[in-house]
Amino acid sequence: MLSIEEVGGGWFGGGVYATTISIDCASIIQFKSDWAEALRWIAEWRERRVGQSGDVTFLIRSETTAGSMGAFKAFIGEQLLNNPLPPTELQGHRVDVALFLLPEMEQYLDLIVYPNGN
């Protein structure tokens, strides 16, 4: 399940906007699908907020096994760390990613990728 919250404001209603994308999934396959949908939404968000869009936070929760958390971390790493640039939709944004295993809420990843000016 994918849910998105857009927050904004700043002095006199301008300037800083951010979004939190929550993904609750049962498998890496579902997560990859939700990730792709989230990137499509971010592309639209950037179009609406030209010059104003800011931080992007991914809150990922899965009821899978501890052993499968490696697949989640590998996919996130491919998307954000192993490429010369992050996906186009995320370029120029600070991206925070938190990955949790449910029901214990055991955290498997806490990653911050700072914008590279693109």
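Computed from a prediction, not measured in an experiment: that's the story for all the values here. (Residues numbered from 1 in each chain as written. Predicted model: local features only at pLDDT ≥ 70, side-chain atom pairs only at ≥ 80, totals over all residues. Heavy atoms only, no water.)

1. Side note on the environment of glutamine 107
Thought 1: Along the chain, glutamine 107 turns up in strand E5 (residues 106–113).
Thought 2: Along the backbone, glutamine 107 and isoleucine 60 are 47 residues apart, and their C-alpha atoms lie at a distance of 9.8 Å.
Thought 3: If near-sequence neighbours (up to four positions away) are discounted, glutamine 107 is found in contact with Ala98, Leu99 and Phe100.
Thought 4: Of note is the side chain of glutamine 107, whose polar atom sits 3.1 Å from the backbone oxygen of leucine 109. (Helix = DSSP H or I, 4+ residues; strand = E, 2+ residues; numbered from the N terminus. Contact = heavy atoms within 4.5 Å. Polar contact = N/O pair within 3.5 Å; in protein donor to acceptor, adjacent residues only side chain to side chain.)

2. What about the environment of tyrosine 17?
Thought 1: Tracing the backbone through its elements, the reader meets tyrosine 17 in strand E2 (residues 16–25).
Thought 2: For the pair tyrosine 17 and valine 7, spaced 10 residues apart in the sequence, the C-alpha separation amounts to 5.7 Å.

3. As for helix H1 (residues 28–48)
Thought 1: With 21 residues, H1 extends 30 Å from end C-alpha to end C-alpha; this agrees with the ideal 30 Å at 1.5 Å per step.
Thought 2: Three or more residues of H1 are buried, namely Phe31, Asp34, Trp35, Ala38, Leu39, Trp41, Ile42 and Trp45. (Expected span 1.5 Å × (residues − 1). Buried < 20%, exposed > 50% of the residue type's maximum accessible area, 1.4 Å probe, protein only.)

4. Examining the pairing of E5
Residues in a regular strand point their side chains to alternate faces of the sheet.
Thought 1: Across seven bridges, the pairing between strand E4 (residues 95–101) and E5 is antiparallel. Within the sheet, the bridge partner assigned to valine 97 lies in E5 and is leucine 111. (Pairing = 2+ DSSP bridges.)

5. Notes on the nonpolar core
Thought 1: Formed by 27 residues in total, the largest nonpolar core has its most connected members in Phe31, Ile42, Phe58, Leu80, Leu90 and Val97.
Thought 2: For this core, the secondary structure elements donating two or more residues are E2, H1, strand E3 (53–62), helix H2 (69–80), E4 and E5.
Thought 3: Here this core gets seven residues from one element, more than from any other, and that element is H1.
Thought 4: When neighbours within four sequence positions are excluded, phenylalanine 31 is seen to be in contact with Ile23, Cys25, Ile60, Phe72, Phe75 and Ile76. (Core = buried A, V, L, I, M, F, W, Y, C linked by side-chain atoms within 4.5 Å.)

6. Digging into H2
Thought 1: Helix length check: H2 (12 residues) gives 16 Å between terminal C-alpha atoms against 16 Å at 1.5 Å per residue, within 8%.
Thought 2: Looking at H2, one finds that the buried residues are Met69, Phe72, Phe75, Ile76, Gly77, Gln79 and Leu80.

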